[in-house]
Amino acid sequence: LAPLFAELAPINPLRPEADGTIDPALYPLLLRGQLLLHEHGVQLPKEFALLIKTMLFGADYITLFRGEEIGLLSSALGSAAVAYAVSNRREVSRVLQPRAIAKIGAYTT
């Protein structure tokens, strides 16, 4: 996988210095990565590529928000996350550490 990761490094749209654009070479590279993993016995769901494309679209879309807009989006997403955590305590307790759950509880009181 090292050569694949080396090829990905300069076009990774999630790298810190990325400018928000997605290089068209990324999609065939993702496919090659999926095929390489398959050759080593790792089977990814067929939806994997769609999931990656959706994540990249979402990341690209968020770059359109500026200033106050990003603050409002961040606040809304944070509120939605807390509401989900409070409504699904059993599921959240399997994923988060107890100290993180305690912090969520502080937001709801």
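See the structure above.
If you're wondering where the values come from, they're calculated on a predicted model, not measured in any experiment.

Draft legend 1. How the structure looks around a nonpolar patch on the surface. Taken together, the side chains of Phe-57, Tyr-61, Ile-62, Leu-64 and Ile-70 present a nonpolar region at the surface, about 510 Å² in accessible area. For the nonpolar patch, the leading source of residues is helix H3 (residues 48–62), giving 3 residues. For Leu-64, the position within the fold is in the loop between H3 and helix H4 (67–87). Given the relative accessible area of 59%, Leu-64 is considered exposed.

Draft legend 2. Looking closely at empty space enclosed by the protein. Counted under the stated rule, the structure contains 1 cavity of 30 Å³ or more. By volume, the largest cavity is sized at about 40 Å³. Together, Ala-85, Val-86, Arg-89, Val-92, Ile-101 and Ile-104 line the largest cavity. If you list the elements that add at least two residues to the lining of the largest cavity, you get H4, helix H5 (89–95) and helix H6 (98–108). Classifying every residue of the lining of the largest cavity gives 5 nonpolar, no polar and 1 charged.

Draft legend 3. Structural detail: the environment of Gly-33. With respect to the helices and strands, Gly-33 occurs in helix H2 (residues 26–39). On the basis of relative accessible area, Gly-33 is assigned to the buried category, the value being 9%. Taking the C-alpha atoms as reference points, Gly-33 and Phe-5, separated by 28 residues in sequence, lie 9.0 Å from one another.

Draft legend 4. Representation of the layout of surface pockets. Roughly 280 Å³ of internal volume is contained in the largest pocket. What lines the largest pocket is a set of 18 residues, among which Leu-4, Phe-5, Leu-8, Leu-30 and Phe-48 lie closest to the centre. Only helix H1 (2–8), H2 and H3 provide two or more residues apiece to the lining of the largest pocket. It is H2 that provides the largest number of residues to the lining of the largest pocket, a total of 6 residues. Class assignment for the residues of the lining of the largest pocket results in 15 nonpolar, 3 polar and no charged.

The rules behind these values
- Counting starts from 1 at the beginning of each chain's written sequence and moves along it residue by residue.
- Per-residue local features of the predicted model are confined to residues with pLDDT of at least 70, and side-chain atom pairs are confined, for both listing and counting, to 80 or more; whole-chain, interface and lining totals are unaffected and use all residues.
- Hydrogens are left out, water is left out, and the side-chain values use all remaining heavy atoms of the structure.
- Without a salt bridge and with relative accessible area above 30%, a residue can belong to a patch; like charges are then joined within 9 Å and nonpolar side chains (Val, Leu, Ile, Met, Phe, Trp, Tyr) within 5 Å.
- In this description, accessible areas are obtained by the Shrake-Rupley approach with a 1.4 Å probe, and a residue is regarded as covered only by the protein chains that are shown.
- Salt bridges, as used here, are contacts in which a Lys or Arg side-chain nitrogen is within 4 Å of a carboxyl oxygen on Asp or Glu.
- Helix and strand definitions follow DSSP, with helices as H or I runs of at least four residues and strands as E runs of at least two, each counted in order from the N terminus.
- Partly exposed describes any residue whose relative accessible area lies between the buried limit of under 20% and the exposed limit of over 50%, with all areas from a 1.4 Å probe on protein chains only and scaled to the type maximum.
- We place a 1 Å grid over just the protein atoms. Points where a 1.4 Å probe fits but has no way out form a cavity, open points with protein on both sides within 12 Å along at least 5 of 7 lines form a pocket, and any residue with an atom within 4 Å of a point lines it.
- Grid points are joined across faces, edges and corners, and a volume is the space filled by probe spheres set on the points.
- Under the grouping applied here, Gly and all other residues not named as nonpolar or charged are polar, the nonpolar ones being Ala, Val, Leu, Ile, Met, Phe, Trp, Tyr, Cys and Pro and the charged ones Asp, Glu, Lys and Arg.

Worth remembering: the numbers are spatial, not functional.
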